[in-house]
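# Working through the structure, step by step
One letter stands for each residue in the lines below.
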Amino acid sequence: MFELADPLFLLLLPLPFLVARLLRPHPVTSGALHVPEAIGDRLVAGARGRAGGAALRWRQGLLWSIWLLLLLALTGPRELAPVSALKVSGRDLAIVLDLSGSMVRDDFHLNGEQVTRQQAVTRVGADFARRRGGDRVALIIFGSEAYYAAPFTFDVEAVARRIEEAAIGISGRATNISDGLGLALKRMGDSEAASRVVILLSDGVNNAGATNPRGVAELAAAMGVRVHTIALGPKDLTTAEAGERGVVDAATLRAISQISGGESFRVRTTDDLVAVAEALDRLEATDGDGLSAEVFHEFWPWPAGLAALLGLAFLWRDTA
């Protein structure tokens, strides 16, 4: 709907007319200037030409047009434009990613090419984040230490870019599952969301930090936070040989999800990882009510710009 933000400015429309009526011009006295007769005749002829009826009407019309356009710009013409409401789920979702040294292992395949675990996770994880429109999403990355890579935000594209930019080793090369999950819970402590969810992905065994992951899972259950876990890697502790490196503690991750009321997933291939992302989409659907917003399209720059152009035309014509 079209409207004027400040229509009272239209009351100024007769102002130039009132000023011309109420304020009489003062007589101007000046000294005489002696010029050659030929130049004097040309000056007199030019003055008569400018004072002609048609020229005077043109000047007055141009000035009134400028005045009207300026008033129109001051009134703030605008239109209330319909916008698509943002669907909100009422959910806070924290993605907790393991970027320890073992993520450098190249035992995954993506689009027919052999890739590292980190490349597979960042590609699929970024796509997953982009599909979370309506959730407030945060990103926690952990290795030896855990840090907050992205705060809770509806800007899922920003979170997806942070996942894509994440580098192995920035948080240390050990695997501190407890601190990664604990930091996510700490950030959710003041959350008023109706639903709070953690997606925890790890490809190793908790070998750093002083807290037992199962104890942190119990804290999550007490807070009402569901933790879905993803155990990443071809082998786990139950199938690997003694002392083998790069294996995942799937049993601990499964216990974390069971204690907190979440789901546990086992990922051995990139196809498994994609299937898990789709399953999480179904578990934590993003449908919800939209946030309404009023967005105005402002039109004042158009009359203001036209008034400026007419002003330049007036000055050019008046000095020509």
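Residues numbered from 1 in each chain as written. Predicted model: local features only at pLDDT ≥ 70, side-chain atom pairs only at ≥ 80, totals over all residues. Heavy atoms only, no water.

## Focus on the side chain of Ser202
- Along the chain, Ser202 falls in strand E9 (residues 195–202).
- Taking the relative accessible area as the measure of exposure, Ser202 reaches 0% and is therefore buried.
- Polar contacts involving the side chain of Ser202 include one to the side chain of Asp98, which spans 2.9 Å.
- Not counting residues within four places of it along the chain, the set of residues in contact with Ser202 comprises Asp98, Phe142, Thr175, Ile177, Ile230, Ala231, Leu232, Val248 and Leu253. (Helix = DSSP H or I, 4+ residues; strand = E, 2+ residues; numbered from the N terminus. Buried < 20%, exposed > 50% of the residue type's maximum accessible area, 1.4 Å probe, protein only. Polar contact = N/O pair within 3.5 Å; in protein donor to acceptor, adjacent residues only side chain to side chain. Contact = heavy atoms within 4.5 Å.)

## Some points on the packing of aromatic side chains
- Applying the stated criterion across every chain yields a total of zero aromatic pairs.
- If you follow Arg187 out to its NZ or CZ, it ends over the ring of Tyr148, 4.0 Å from the centre. (Phe/Tyr/Trp six-rings, centres within 6.5 Å; stacked < 30°, edge-to-face > 60°. Lys NZ or Arg CZ within 6 Å of the ring centre and 35° of its normal.)

## Topic: the sheet that holds strand E1 (residues 2–4)
- Reading across from one edge, E1-E2-E13 is the order of the three strands in this open sheet, with antiparallel pairing throughout. A strand with exactly one partner marks an edge of an open sheet, and here the two such strands are E1 and strand E13 (295–298). Between one strand and the next, the sheet's axes are offset by a mean angle of 40°, whatever the strand orientation.
- As paired strands, E1 and strand E2 (residues 77–81) are joined by three bridges and run antiparallel to one another. The residue bridging Phe2 from the neighbouring strand is Glu79, located in E2. (Pairing = 2+ DSSP bridges. Axes fitted to C-alpha atoms, helices over the stretch in contact; angles between N-to-C directions.)

## What about the packing of helix H6 (residues 177–187) against helix H7 (residues 213–223)?
- At a minimum axis separation of 9 Å, H6 and H7 run at an interaxial angle of 15°. By the angle between their axes, H6 is roughly parallel relative to H7. Helix-helix and strand crossings are classified by hand; for H6 and H7 the assignment is left-handed. Contacts from Ile177, Ser178, Leu181, Gly182 and Leu185 in H6 reach Pro213, Val216, Ala217, Leu219, Ala220 and Met223 in H7.
- Considering only residue class, the contact of H6 with H7 consists of nine nonpolar, two polar and no charged. (Parallel < 35°, antiparallel > 145°, perpendicular 65-115°, else oblique. Left-handed = near helix turned anticlockwise from the far one by under 90°. Nonpolar A, V, L, I, M, F, W, Y, C, P; charged D, E, K, R; others polar.)

## Looking at the sheet that holds strand E7 (residues 136–142)
- One open sheet holds the six strands; their spatial order is E8-E7-E4-E9-E10-E11, and the pairing between them is mixed. Two strands bound the open sheet, and with one partner strand each, they are strand E8 (146–153) and strand E11 (264–267). Neighbour to neighbour, the strand axes of the sheet diverge by 15° on average, direction disregarded.
- Here seven bridges tie E9 to strand E10 (residues 225–232), and the two strands are oriented parallel to one another. Across the sheet, the residue bridging to Val197 is Arg226, located in E10.

## Brief notes about the pattern of salt bridges
- All told, the structure shown has ten salt bridges when counted by the stated rule.
- Of the charged contacts, one joins Asp135 and Arg132 as a salt bridge, the two residues approaching to 2.8 Å between their closest N and O atoms.
- Among the residues examined, Asp135 registers a relative accessible area of 0% and is labelled buried.
- Ionic contacts of the salt-bridge type, sharing partners, join the residues Arg91, Arg131, Arg132, Asp135 and Asp281 into one network. (Salt bridge = Lys/Arg side-chain N within 4 Å of Asp/Glu carboxyl O.)

## Observations regarding a nonpolar patch on the surface
- Residues Phe9, Leu12, Leu13, Leu15, Phe17, Leu18, Val19, Leu22, Leu23, Trp64, Leu68 and Leu74 make up a contiguous nonpolar surface patch of about 1100 Å² in total accessible area.
- Elements represented by at least two residues in the nonpolar patch include exactly helix H1 (15–22) and helix H3 (53–75).
- Counting residues per element, the nonpolar patch draws most heavily on H1, at five residues.
- In this structure, Leu68 sits in helix H3.
- For Leu68, a relative accessible area of 43% corresponds to the partly exposed category. (Patch = residues over 30% accessible without salt bridge, like charges linked within 9 Å, V, L, I, M, F, W, Y side chains within 5 Å. Areas by Shrake-Rupley, 256 points an atom, 1.4 Å probe, with all protein chains shown as cover.)

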